[in-house]
Amino acid sequence: MTALRLLGALATPQDPPPPATQVEEVVVVGERLQATAQTFVRALAAPPPGRKAAVWDEPLCVGVIGMRPDLAQLMVDRITAVALDLGLPASRPGCRPDIFIVAAADGDAMARDLVQSRPDDFRLGMSGTDLGAAALEVFQSSGRPIRWWHVSVAVNAGTGRPLQRLPGQPPFVPPRRMESPSDFGPYGNIVSPSLIRDESRDILGRVVIVLESSALDRASFGQISDYIAMVALAQIDPEAAPEVPSILNLFRDAPAAEPGLSAWDRAYLSALYRTDQSAANPATNLSTIGRVVARDLAEAEATAAPPE
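Residues numbered from 1 in each chain as written. Predicted model: local features only at pLDDT ≥ 70, side-chain atom pairs only at ≥ 80, totals over all residues. Heavy atoms only, no water.

Asker: Hey, could you run me through the packing of aromatic side chains in this one?
Answerer: Working definition: an aromatic ring pair is given by the centre-to-centre distance plus the angle between the planes. Applying the stated criterion across every chain yields a total of six aromatic pairs. Ring geometry for Phe 139 and Trp 149: centres 6.2 Å apart, planes at 55°, overall tilted. Of this pair, Phe 139 sits in helix H5 (residues 133–141) while Trp 149 sits in strand E3 (residues 146–156), and the two are ten residues apart along the sequence. Since its relative accessible area comes to 3%, Phe 139 is described here as buried. Judged by its relative accessible area of 3%, Trp 149 falls in the buried class. Taking the centre distance of 6.0 Å and the plane angle of 65° together, the rings of Trp 148 and Tyr 227 count as edge-to-face. In this pair, Trp 148 sits in strand E3 while Tyr 227 sits in helix H6 (residues 221–233), placing the two residues 79 residues apart along the sequence. Its end group placed over the ring of Phe 100, Arg 118 keeps NZ or CZ at 4.5 Å from the ring centre. (Phe/Tyr/Trp six-rings, centres within 6.5 Å; stacked < 30°, edge-to-face > 60°. Helix = DSSP H or I, 4+ residues; strand = E, 2+ residues; numbered from the N terminus. Buried < 20%, exposed > 50% of the residue type's maximum accessible area, 1.4 Å probe, protein only. Lys NZ or Arg CZ within 6 Å of the ring centre and 35° of its normal.)

Asker: Would you mind showing me how to read the layout of surface pockets here?
Answerer: In this approach, a probe sized like a water molecule rolls over the atoms, and the result shows the empty space that is left. Its boundaries defined by the atoms lining it, the second largest pocket holds a volume of some 270 Å³. Around the second largest pocket sit 19 residues that line it, and Leu 131, Ala 135, Trp 148, Trp 149 and Pro 238 are the ones nearest its centre. Of all the secondary structure elements, the ones that give two or more residues to the lining of the second largest pocket are H5 and E3. For the lining of the second largest pocket, the element with the most residues is E3, which contributes four residues. Along the lines of polarity and charge, the residues of the lining of the second largest pocket split into ten nonpolar, four polar and five charged. (1 Å grid on protein atoms, 1.4 Å probe; cavity = no way out; pocket = protein on both sides within 12 Å on 5 of 7 lines; lining within 4 Å. Points joined across faces, edges and corners; volume = space filled by probe spheres on them. Nonpolar A, V, L, I, M, F, W, Y, C, P; charged D, E, K, R; others polar.)

Asker: Is there a simple way to think about H5 in this case?
Answerer: Given 3.6 residues to a turn, an α-helix orients residues that are three or four positions apart in the same direction. Of all the residues in H5, the buried ones are Leu 136, Phe 139 and Gln 140. Down the axis, H5 shows its buried residues gathered within 95° of arc, on one side only. Contact partners of the buried residues in H5: helix H4 (107–117), E3 and strand E4 (200–212). Of the residues flanking the end of H5, it is Gly 143, one or two places downstream, whose phi is positive at about 75°. (Arc of directions from axis to C-beta. Contact = heavy atoms within 4.5 Å.)

Asker: Where do I start with the nonpolar core in this structure?
Answerer: Inside soluble globular proteins, nonpolar side chains tend to come together where they are buried. Ranked by internal contacts, the top residues of the largest apolar core, which has 63 residues, are Met 75, Ile 209, Ile 224, Leu 233 and Tyr 268. Grouped together as the second largest cluster of nonpolar side chains are 17 residues, Ala 111, Leu 114, Phe 139 and Trp 149 included. (Core = buried A, V, L, I, M, F, W, Y, C linked by side-chain atoms within 4.5 Å.)

Okay, structure coming up:
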């Protein structure tokens, strides 16, 4: 009898199983890819000492001189296309260039002339806005076929106002009694009460790029346009020699140069413009960008892999 009762209990209909839970796809990032991405980001990024990697946050205006009009337009269109992919709008024709590209037969001579004739375009006279006097000297005498100079400004993330008074701006005279955050003036930076967070942002304000005409004998116009797009949209170390596929190896012997922006280049630019750099330690912010680069590349590889 006991066996029959047990058999009947086993045959009794049970409650239906709970519905399956939808789980988001998890992309596993290998340690090797993660380490390579971190090395790649550290090799590329060249913000001013102690500052964050800067980005553009307004419609871009690209100007090219010293080049045939049709070629100049092709270069502007290419840089603009890369910027649009990053979510940056383009300015209208006739705007004042923020990205200023000059083609010349002698890059050193042109760089020196630009610095002497337009010094305010290179040094704002404030700390943390450029790489300093020694780097500016290298810009004028490096002999590189393509060279660049970035100027960036730290701003209050909430208001977008610079944290330092820019040349030509009137000084701020505070009221007798400070009653609200706005009483600290337009250059005040209100941050969270934490030693590990910094709510400021670094915004690109100007990029000057000198293209020596001899570069056109060493690479295609499309490669050069992509190279310039890369250094125009991010503060790239001129000494960077990535060990992964990158357009930045264009004028180096090894590894071989890419025909255009590589998957690594695009991943870096995308991560740079999407990452919230809120850490007080600049190295921590670069590590965060590196993790995003690795994750994006892993996701792209997983998507491209044929189904098993």
